[in-house]
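So you can see what is in the structure, the chains are spelled out below.
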Number of protein chains: 2
Amino acid sequence: MKLAPPDPGLLSVNTATVREKWNLREMIQGCARHGIRGISPWRDKLAEVGAKEAAKLIRDHGLTVTGLCRGGMFPAADRKGRQAALDDNLRAVEEAATLRARCLVLVAGGLPTESKDLAGAREMVRDGIGELLDRARATGVPLAIEPLHPMYAADRACVNTLEQALDLCDALDPERSGALGVAVDVYHTWWDPKLEAQIARAGKKRILAYHICDWLVPTRDLLTDRGMMGDGVIDLPKIRSWVERQGYAGCHEVEIFSALDWWQREPDEVLAVMKRRHVECS
Amino acid sequence: MKLAPPDPGLLSVNTATVREKWNLREMIQGCARHGIRGISPWRDKLAEVGAKEAAKLIRDHGLTVTGLCRGGMFPAADRKGRQAALDDNLRAVEEAATLRARCLVLVAGGLPTESKDLAGAREMVRDGIGELLDRARATGVPLAIEPLHPMYAADRACVNTLEQALDLCDALDPERSGALGVAVDVYHTWWDPKLEAQIARAGKKRILAYHICDWLVPTRDLLTDRGMMGDGVIDLPKIRSWVERQGYAGCHEVEIFSALDWWQREPDEVLAVMKRRHVECS
C-alpha cells in the first residue's frame, strides 16, 4: 500500500545537518528563505548567539522550535561530575524554556571513563532524569529521552532501545503527565523488531519528537555517515505511519551527520534537497 | 565481587581471528601447539582442505569443533535466490556433521538487494530456518542462531537481539528439543539491557555457543575493528557468569575481526595473547 506523502509544513531542520557552514542566525534565515517552519538548534550553536537573542530571531522568522539538542550525558566517574552534568542540564531546561522548545532532547551518556559498569551507568541516567524532571515540570519543558543506536552504548548513550526509554518513562512518570517522553529517531531505531509495538506503547502523549534521515549501506563511519532520506534502506513512510497512527502530528526533524557528503555541500542546496526528499521519500 | 577466572581448557579459536595469515591446517597445528583445544572454522577455510580431510586433521590433533561458521543468509530477492541459500545451508549442515561440530552457526542475512522490507526479510529467515531444521535434526547438528549487532541489520543479519532469536526458537522448536538454539556473542549483545534476562530465558539447552572479544572505544570500522578481551569496555566476567549460571559449560570461542591490529600480527603471537587474556580478562 502506497502511503500518502507527509505534509510539507511539518519539515523541521536540526542544526546538526548544516552545522559546518552556517551559524544559527544563518540557519534561521535559511529556514525562512526555504519556507521551512521548524528548527531544532544544538546548544553549541545557541551559545554563540545566546538563548534570548536566538528566541527573538526564531520568533521574528515565524519558526517553531521542535526541540533543543541536547541535555543528558548523566553518567560520570564521581559525584562532582554527576553534579556538573545536572547543573548543565538545568541550564539546558532554562534555554529550552526561553526558546519555547517543544522538548529538551536527552541523550543519556555512555560509560564513565574507565568503567565497564553498563548497568551502573543506566542507573545514573535514571537518577539524573529523575532529578531534572521537577525543574522541567516547573518550567513546562517536556523531556524527550532519545534512545541512541546500540553502537553508541559505550561512548554516547546507554539508552539504546525505545522499550528501554519507555521503561524509564514508566518508572519516572507513571502518571503519564506529559512531562517525560521520547524522541523517536529512525536512524537509531529502524532495526528494532519491536519498534512498531513500542511506538504504539508510547502513544501520542509520549512521542515528543520524530527525527528522520536514512541508514546508508555501507555505513563508512559510526558517527558521521548518515544519509539523506531516500538514499538508504529505512522504510520511512512505514515508520511515519506508525507514529501517525498514534496521533503524532508534530514535525519531522531532519538530523544528518554527514562529514563525507552533506556537510561538504552548500546549506542552501542541502535544504532544497531535504524539502524535496521529505515529501518524496519519507 | 571478583569472579573466578575461566577454565583455560575452555578456550576455542574462531578461525576468523587468524584468517589473514594462516590456512586451516596451520590453524589446527597452531591450536595444538598452544594447547588450545577448541576450534571453530569458517567455511571458506574449510573449503580449501575439504570437510573430510579437515575432520581427520582436527581429530588427529585432539580438537573439539565448537561450531561451524556459518550458515544462514536466507533472505533473497526471488525464489531462486532463496532456494540457492537453502541448498548452501544443507551443504553446511553436512559439513558440520562431518566435522562433528557442536553446532552450525546461523547468521540470518540482511535485506535483499533494493529491498527496504525488514519485516519481510525476517519472515524469510524464519521460513529458511524452518526448512533447514528437519535436515539438521536428522544429521544431529544443532542450529545456533547468532543475533548480530543492530549495526548489521541491513547487510548481514536482520536478527539483532537475543530476544528476537529466542522468539524464533520458540516459534520453530517449541518443544525445546535441543535442535535449535543460539550463539551468544558478547560483541553483538553486550549493549542489550535485556541480555541477562534473555540468557536466563535461553537456559542451558538453548545456549549452543559463547563467543568473546571486546568492544573498542572508539570503534573505527563497523566490521573489522573488534578488540582482544581486555582492550575494550565489555564486562566479560559478568556476562560469562550469566551463561555459566544457566549451566553452560561449553567453550569460549574467540572471534576477532581486526584489520588494523590483530590480523596484522603473527598468529602465534595472537594465540599467545589470547590464551593469557582469556584467563585474565574474560
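Structure first, text after, so check above.
Residues numbered from 1 in each chain as written. Chains lettered and ligands numbered in written order. Predicted model: local features only at pLDDT ≥ 70, side-chain atom pairs only at ≥ 80, totals over all residues. Heavy atoms only, no water.

K.L.:
How should I be thinking about the sheet that holds strand β5 (residues 104–107) of chain A in this particular structure?
P.N.:
Within a sheet, adjacent strands bond to each other through the backbone by hydrogen bonds, running parallel or antiparallel. All names here are of chain A. A sheet is described by the order of its strands in space; here nine strands give the open sequence β3-β2-β1-β9-β8-β7-β6-β5-β4, paired in parallel fashion. This sheet does not close on itself; its edge strands, each paired only once, are β3 (64–65) and β4 (68–72). The sheet contact formed by β4 and β5 spans four bridges and is parallel. Its bridge partner being in β5, Cys69 is matched across the sheet by Val105. (Pairing = 2+ DSSP bridges. Helix = DSSP H or I, 4+ residues; strand = E, 2+ residues; numbered from the N terminus.)

K.L.:
Got a minute to help me understand the packing of aromatic side chains in this structure?
P.N.:
Given two aromatic rings, one states the distance between the centres and the angle between the planes to describe the pair. Inspection of every chain in the model, using the stated rule, returns 11 aromatic pairs over all chains. Note on Trp191(A) and Trp191(B): the rings are 5.8 Å apart at their centroids and 85 degrees apart in plane angle, and the pair reads as edge-to-face. Linking Trp191(A) in the loop between α7 (186–189) and α8 (195–206) with Trp191(B) in the loop between α7 (186–189) and α8 (195–206), this pair reaches from one chain into another. A network of ring pairs unites the aromatic residues Trp42(A), Phe257(A) and Trp263(A) as a single cluster. For the cation-ring pair, Arg265(A) lies above Trp262(A), with the distance from its terminal atom to the ring centre recorded as 3.8 Å. (Phe/Tyr/Trp six-rings, centres within 6.5 Å; stacked < 30°, edge-to-face > 60°. Lys NZ or Arg CZ within 6 Å of the ring centre and 35° of its normal.)

K.L.:
I would appreciate a short explanation of the nonpolar core in the present structure.
P.N.:
For soluble globular proteins, the rule of thumb is that nonpolar side chains tend to be buried together. Ranked by size, the top nonpolar core spans 175 residues in total, and within it Leu143(A), Trp190(A), Trp215(A), Ile129(B), Leu143(B), Trp190(B) and Trp215(B) carry the most contacts. Ile129(B) has contacts with Phe74(B), Leu106(B), Leu143(B), Ile145(B), Leu168(B), Leu172(B) and Leu180(B), leaving out every residue within four places of it along the chain. (Core = buried A, V, L, I, M, F, W, Y, C linked by side-chain atoms within 4.5 Å. Buried < 20%, exposed > 50% of the residue type's maximum accessible area, 1.4 Å probe, protein only. Contact = heavy atoms within 4.5 Å.)

K.L.:
What is the right way to read empty space enclosed by the protein from this model?
P.N.:
Once rolled over the atoms, a probe with the size of a water molecule shows which space is left empty. Counting across every chain of the model gives two cavities of 30 Å³ or more. One number sums up the size of the largest cavity: a volume of about 40 Å³. Around the largest cavity, the lining residues are Thr17(A), Val18(A), Glu20(A), Lys21(A), Trp262(A), Trp263(A), Arg265(A), Pro267(A) and Val270(A). Its residues assigned to classes, the lining of the largest cavity comprises five nonpolar, one polar and three charged. Considering only enclosed or pocket space, the second largest cavity measures out at about 30 Å³ in volume. Forming the boundary of the second largest cavity are Thr17(B), Val18(B), Arg19(B), Glu20(B), Lys21(B), Trp262(B), Trp263(B), Arg265(B), Pro267(B) and Val270(B). The residue makeup of the lining of the second largest cavity, split by class, is five nonpolar, one polar and four charged. (1 Å grid on protein atoms, 1.4 Å probe; cavity = no way out; pocket = protein on both sides within 12 Å on 5 of 7 lines; lining within 4 Å. Points joined across faces, edges and corners; volume = space filled by probe spheres on them. Nonpolar A, V, L, I, M, F, W, Y, C, P; charged D, E, K, R; others polar.)

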